[in-house]
Amino acid sequence: MKLRLAGTQRLDDGAQDAEAMAALREACRLLEQLKLDRERLEERLASVKRLDPIRQVCGESSMDRACRETEELIRRVDELLAETAERTLLLGARGSR
């Protein structure tokens, strides 16, 4: 997943910035684990020639949904962090005049 925040300057509060970035990295790590688990589950179902009943009824498996929702959460957090960094840069530029 490509994140917007890459390349932006640090926020003023280094501890808060580090905590937010650590949470974002952990969410990305969890997403990768979810994707691996989804693959393994699909392989197991295929090996026993079974279909996922939730996918049949809902159109997506619970793992598909978990991955999609996690990706959306990561995007939203990344956008918020990027917007905060941009506002901080704007306020810093105005304050240095």
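Residues numbered from 1 in each chain as written. Predicted model: local features only at pLDDT ≥ 70, side-chain atom pairs only at ≥ 80, totals over all residues. Heavy atoms only, no water.

1. Focus: the overall build of the protein
Argument step 1. Regarding its fold elements, the protein presents three helices and zero strands.
Argument step 2. Reading the protein from its N terminus to its C terminus gives the helix and strand order α-α-α.
Argument step 3. Taken over 97 residues, the protein has a buried fraction of 22%.
Argument step 4. In the structure as shown, the protein presents an accessible area of about 7,400 Å², 54% of it carried by carbon and sulfur atoms. (Helix = DSSP H or I, 4+ residues; strand = E, 2+ residues; numbered from the N terminus. Buried < 20%, exposed > 50% of the residue type's maximum accessible area, 1.4 Å probe, protein only. Areas by Shrake-Rupley, 256 points an atom, 1.4 Å probe, with all protein chains shown as cover.)

2. Notes on the pattern of salt bridges
Argument step 1. Counted under the stated rule, the structure contains nine salt bridges.
Argument step 2. Across the pair Arg 55 and Asp 64 runs a salt bridge, and its minimum N-O distance is 2.3 Å.
Argument step 3. The exposure class of Arg 55 is partly exposed, given its relative accessible area of 31%.
Argument step 4. Here Asp 64 falls in the buried class, since its relative accessible area comes to 15%.
Argument step 5. The partner of Glu 72 in a salt bridge is Arg 75, with the nearest N and O atoms 3.5 Å apart. (Salt bridge = Lys/Arg side-chain N within 4 Å of Asp/Glu carboxyl O.)

3. Things to note about the environment of Asp 17
Argument step 1. Position of Asp 17 among the secondary structure elements: in helix H1 (residues 14–47).
Argument step 2. Judged by relative accessible area, Asp 17 falls into the buried class, the value being 8%.
Argument step 3. Taking the C-alpha atoms as reference, Asp 17 lies 8.5 Å from Leu 81; in sequence the two are 64 residues apart.

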